[in-house]
Amino acid sequence: MVWSGVACDSAAVEHQNPNIEPRWNMSTDPDRAEPLHIVVLGDVHGRLHLAWSLVKRIEAHYRIKVAHVLQVGDLGFWPRPAEVLDRATRRHAAKDPEEISFPEWSQPDRRWGGTRLSPRAEALLAPAAPRGTRVDADLIFIKGNHDDWERLPGLTSGGLPSPVDHYERHRFLPNGGTMRLGDGEGILVGALGGLEHGDPARDGFSNAEAEALAGRRLDLLLTHEPPPRTPPGSRLRRVVESTSPRFVLSGHLHWHERDLWGEVEFVTLSDVRLNERGEVNAGCAGILTWRGVGVPSFEVLGDDFAGAFPGRSILVYPGDDALAATR
Ligand SMILES: [Fe+2]
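For every chain, the first residue of the written sequence is number 1, and numbering continues from 1 along that sequence. With pLDDT at 70 or above as the cut-off, local features in this predicted model cover only qualifying residues; side-chain atom pairs require 80 or more to be listed or tallied, and sums for whole chains, interfaces and linings still use all residues.

> Explanation requested: the sheet that holds strand β7 (residues 187-192) in the structure shown.
Two pairing modes exist for strands in a sheet, parallel and antiparallel, and in both the strands are linked by backbone hydrogen bonds. Across the sheet, which stays open at both edges, the 6 strands sit in the order β6-β7-β8-β9-β11-β10 with mixed pairing between neighbours. Strand pairing shows two members of the sheet lacking a second neighbour, β6 (178-181) and β10 (257-261), which therefore form its edges. For this sheet, the mean inter-axis angle between neighbouring strands, taken without regard to orientation, is 20°. Bridge analysis of β7 against strand β8 (residues 220-223) gives 4 bridges, and the strand direction is parallel. If you follow Ala191 over to β8, its bridge partner there is Leu222. Two strands are said to pair when DSSP picks up at least two bridges between them. Where helices and strands are cited, they refer to DSSP runs of H or I of at least four residues and of E of at least two residues respectively, numbered from the N terminus. Axis lines are fitted to C-alpha atoms, over the contacting stretch for helices. Their N-to-C directions set the angle, which ranges from 0 to 180 degrees.

> What should I look at first to understand the pairing of β7 in this one?
Within β7, 5 of the 6 residues are buried, leaving the element largely enclosed by the surrounding structure. Two strands pair when backbone bridges link them, and β6 and β7 are joined in this way by 4 bridges, in the antiparallel orientation. Paired with Met179 across the strands is Val189, a residue of β7. The antiparallel hairpin formed by β6 and β7 contains 5 residues in its connecting segment, where Gly182 sits at a positive phi of about 95°. Comment: burial labels come from other C-beta atoms within 10 Å of the residue's own C-beta, placed from the backbone, where a count of 20 or more is buried, 12 or fewer is exposed, and between is partly exposed.

> So what exactly am I meant to see when it comes to the pairing of strand β1 (residues 36-41) here?
Looking along a regular strand, one sees side chains alternate from face to face of the sheet. Of all 6 residues in β1, 6 are buried, a share of seventy percent or more. Of the two faces of β1, the one lined by Leu36, Ile38 and Val40 and the one lined by His37, Val39 and Leu41 are each fully buried. Alignment of β1 against strand β12 (residues 285-290), held across 6 bridges, turns out to be antiparallel. Within β12, the residue paired with Leu36 across the bridge is Trp290. Crossover handedness is defined here as right-handed if the route from the first strand over the helix to the second strand goes clockwise, with the strands pointing away from the viewer. As for the winding sense of the linkage, the β-α-β connection from β1 through helix α3 (residues 48-62) to strand β2 (residues 68-71) is right-handed.

> Help me understand the confidence of the model for the protein, please; the structure alone is not making it clear to me.
The predicted coordinates of low-pLDDT regions are not to be read in fine detail. pLDDT expresses, on a scale from 0 to 100, how confident the predictor is about each individual residue. Of the residues in the protein, 86% reach a pLDDT of 70 or more, and the chain-wide mean stands at 87. In this description, a residue-residue contact is defined by the distance between C-beta atoms placed from the backbone, which must lie within 7 Å. Note that residues 1-30 has pLDDT below 50 and, in this model, 70 contacts with residues that lie over four places away or in other chains. A low-confidence stretch, residues 321-327 stays under pLDDT 50, and its non-local contacts, those more than four residues away or across chains, total 5 contacts.

> How should the sheet that holds strand β3 (residues 138-141) be read in this particular structure?
Taken in spatial order, the 7 strands line up as β4-β5-β3-β2-β1-β12-β13 in an open sheet, and their pairing is mixed. Pairing within the sheet leaves two strands with one partner each, and these edge strands are β4 (162-163) and β13 (297-300). Note: β3 against strand β5 (residues 170-172), 3 bridges, orientation parallel. By the bridge assignment, Phe141 is partnered in β5 with Phe172. Along the sheet, α3 contacts β1, β2 and β12; its crossing angle with β1, the most-contacted strand, is approximately 145°.

Next up, the structure:
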């Protein structure tokens, strides 16, 4: 299946969804403005408990309110893993069931009364959850090369980014799509997920999707594959050249690196996981801060943040292991 025309028409795909506006009043006056804080996550591969816990801990640790979470593909969007799952994910899931935990974070189940998510997902995502565990930001993700390629193309209803779950907390921004975050002009974000040499119907992107972004003046470009790691003249590099974003944020490699080409800064984020000490993997996330004027800043989480939460203490809701064992 290929993308429908809507994702290939830049005029049609740009949409300012009122539901994704920050939850407080932004002003372009830097003396009055509450900064806009956006957390960006590397590959999650289904580790949504850790991903959402990480956002909660970032808010407490830095005393900030996160407005949005952006994710650069390989979220682990497998809404029906028993039916559609790629071979690599099936192999990893045999050792780590978190790889296929997306249904638990998106679909009510009769184990939880038929109207609720699992207890840990409720604690972090439910509108009625206690403030001490709840995250209010939404998570906007792009296509990776390990996500449900059959379901993603249909997720363009209800405006972009399109909600894919019960509480509308996970939203998909399709290839060629753009969105604005923040008040007024805000920050214009574009998406081109998948791989340069992938199959557009499975793990790549099409020429039309890449061309939908051409010439847009982007502030942020989200790609799954880092453009500097593609050959000169690649479609990813050409999109960067024609959109001149301030930041290009990517994942896929499962390590962190940073590069500056002229005024374009490339940041590749590592994967969201716990290391052997039970600390979150440094380099897997960053915080973009924008004060309503000028260019945003982007700081990547390092060892100091990771070391502040030793021994899996970054996880917000206890009992996760017991829950995983019941699946
Ligand atoms: Fe990937």
